[in-house]
Amino acid sequence: MNQARTPSKDAYTLILDAIDSGVYRPGDRLVESELAERFGVSRTPIREALQRLETQSLLARDGRSLIVASLDHNQMAELYVVRTELEGLAARLAARHASDEEILVLREMVAEDQALLGDPSTLARANRRFHKMIHLASHNRFLVQQLDLVHRSMALMATTSLAAEGRGQIALGEHEAIVDAIARRDEEAAYRALRDHISVAFVTRLKLDSQKVD
């Protein structure tokens, strides 16, 4: 029974990772046969994975085809409301529970990410790792699970707010303030710093999206 489920799980993870890394972007069509060939997986687990992703609203129907879903303005705003509160809670709990080693890793991440300024896509991947580390440092498995769902939906946004001019440097400064608050074990400051960080990112993304409107 477990062996029958494993291929489907693997196919799901492979497709999800491809969406998250930008291999497949919002609006791209996903073809069962092409996915099976790309990932070296039979079509049955690919089909089951696509059905699961559609159920989770990560894929949408376009006629008879499945495409990577995209978020409209209202959906994006709703997602940021949830993300802001959950990320803030993660920072608060990290200030309470993070080990000294976890705080050291966070500091090293901020320092190393300075070298990525000017490369928004690589910096965006590093940004996800930084936030994931804070989630794990909260030491609350249920919160981590919910934030994983939120970050999967973030992959449905075509651009990163870090692509805005000057945003990368500002974001790293905000990351440093978050880590400083966690290191001081100041739960309220950590909560506020991360909530403000997400709020600024949302405003930046709104400005980027407004520039696309004719």
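Basis of the calculations
Residues numbered from 1 in each chain as written. Predicted model: local features only at pLDDT ≥ 70, side-chain atom pairs only at ≥ 80, totals over all residues. Heavy atoms only, no water. Helix = DSSP H or I, 4+ residues; strand = E, 2+ residues; numbered from the N terminus. Buried < 20%, exposed > 50% of the residue type's maximum accessible area, 1.4 Å probe, protein only. Contact = heavy atoms within 4.5 Å. Phe/Tyr/Trp six-rings, centres within 6.5 Å; stacked < 30°, edge-to-face > 60°. Lys NZ or Arg CZ within 6 Å of the ring centre and 35° of its normal. Axes fitted to C-alpha atoms, helices over the stretch in contact; angles between N-to-C directions. Parallel < 35°, antiparallel > 145°, perpendicular 65-115°, else oblique. Left-handed = near helix turned anticlockwise from the far one by under 90°. Nonpolar A, V, L, I, M, F, W, Y, C, P; charged D, E, K, R; others polar. Core = buried A, V, L, I, M, F, W, Y, C linked by side-chain atoms within 4.5 Å. Polar contact = N/O pair within 3.5 Å; in protein donor to acceptor, adjacent residues only side chain to side chain. Pairing = 2+ DSSP bridges. Salt bridge = Lys/Arg side-chain N within 4 Å of Asp/Glu carboxyl O.

Caption draft 1: Region of interest: the side chain of His 197. One can find His 197 in helix H9 (residues 187–210). On the basis of relative accessibility, which here comes to 5%, the residue His 197 falls in the buried class. Here His 197 is in contact with Asn 127, His 131, Arg 167, Ala 171, Glu 174, His 175 and Ile 178, once residues within four sequence places are set aside.

Caption draft 2: The arrangement of the packing of aromatic side chains in detail. A full pass over the atoms with the stated rule returns one aromatic pair. With centroids separated by 4.5 Å and ring planes inclined at 15 degrees, the aromatic side chains of Tyr 80 and Phe 202 adopt a geometry described as stacked. Highlighted residues: Tyr 80 in helix H4 (residues 73–97) and Phe 202 in helix H9, separated in sequence by 122 residues. When its relative accessible area of 17% is taken as the criterion, Phe 202 is described as buried. Positioned above the aromatic ring of Tyr 12, the side-chain terminus of Arg 52 is 3.6 Å from the ring centre. For the cation-ring pair, Arg 92 lies above Tyr 191, with the distance from its terminal atom to the ring centre recorded as 4.4 Å.

Caption draft 3: Seen up close, the packing of helix H6 (residues 120–137) against helix H8 (residues 167–183). Running from amino to carboxyl end, H6 crosses H8 at an angle of 15 degrees, the nearest separation of the two axes being 12 Å. As judged from the angle between their axes, H6 and H8 are roughly parallel. The hand of the H6/H8 crossing is left-handed. Facing Leu 123, Asn 127, Phe 130, His 131 and Ile 134 of H6, the residues of H8 in contact are Gly 168, Leu 172, His 175, Ile 178, Val 179 and Ile 182. The residue makeup of the contact of H6 with H8, split by class, is seven nonpolar, four polar and no charged.

Caption draft 4: Representation of the nonpolar core in the model. Tyr 80, Leu 106, Phe 130, Ile 134 and Ile 182 are the most contacted members of the largest nonpolar core, which totals 33 residues. Per element, the largest residue contribution to this core is nine residues, and it comes from H4. Those residues within four positions of Ile 134 in sequence are excluded, and the remaining contacts are Ala 90, Ala 91, Ala 94, Leu 106, Ile 178, Ile 182 and Leu 194. Counting residues in each nonpolar core, the second largest holds 22 residues, with Ala 49, Leu 50, Val 68 and Ala 69 among its members.

Caption draft 5: Region of the structure containing the side chain of Thr 84. As for its placement among the helices and strands, Thr 84 is situated in helix H4. We classify Thr 84 as buried; its relative accessible area is 13%. A polar side-chain atom of Thr 84 sits 2.7 Å from the main-chain carbonyl oxygen of Tyr 80. Sequence-distant contacts of Thr 84, that is, excluding residues within four places in its chain, are made with Arg 195 and Ile 198.

Caption draft 6: Main features of the pairing of strand S3 (residues 65–68). As judged from the two bridges shared by strand S1 (residues 29–30) and S3, these two strands associate in the antiparallel manner. Within S3, the residue paired with Leu 30 across the bridge is Leu 66. Relative to S3, strand S2 (residues 59–62) runs antiparallel, the two being bridged by four bridges. Among the inter-strand pairings, Leu 59 is bridged to a residue of S3, identified as Val 68. Taking the residues between adjacent antiparallel strands as the criterion, S2 and S3 are bridged by two residues, where Gly 63 takes a positive phi near 70 degrees.

Caption draft 7: Inspection of unusual backbone geometry at higher detail. Notably, Ser 57 is not glycine yet its phi reads approximately 65 degrees, a positive angle. With respect to the helices and strands, the residue Ser 57 is situated in the loop between helix H3 (43–55) and S2.

Caption draft 8: Focus on the pattern of salt bridges. Summed over all chains, the structure comprises 13 salt bridges. Residues Glu 32 and Arg 43 are paired through a salt bridge, measuring 3.1 Å at the closest nitrogen-oxygen approach. Taken together, the positions of Glu 32 in helix H2 (residues 32–39) and Arg 43 in helix H3 put the pair 11 residues apart, joining distant regions of the chain. The residue Glu 54 makes a salt bridge to Arg 61 at a minimum N-O spacing of 3.1 Å. By sharing partners, the salt bridges in this structure join Glu 32, Arg 43 and Arg 47 into a single network.

By themselves, these figures tell us nothing about what the structure is for.
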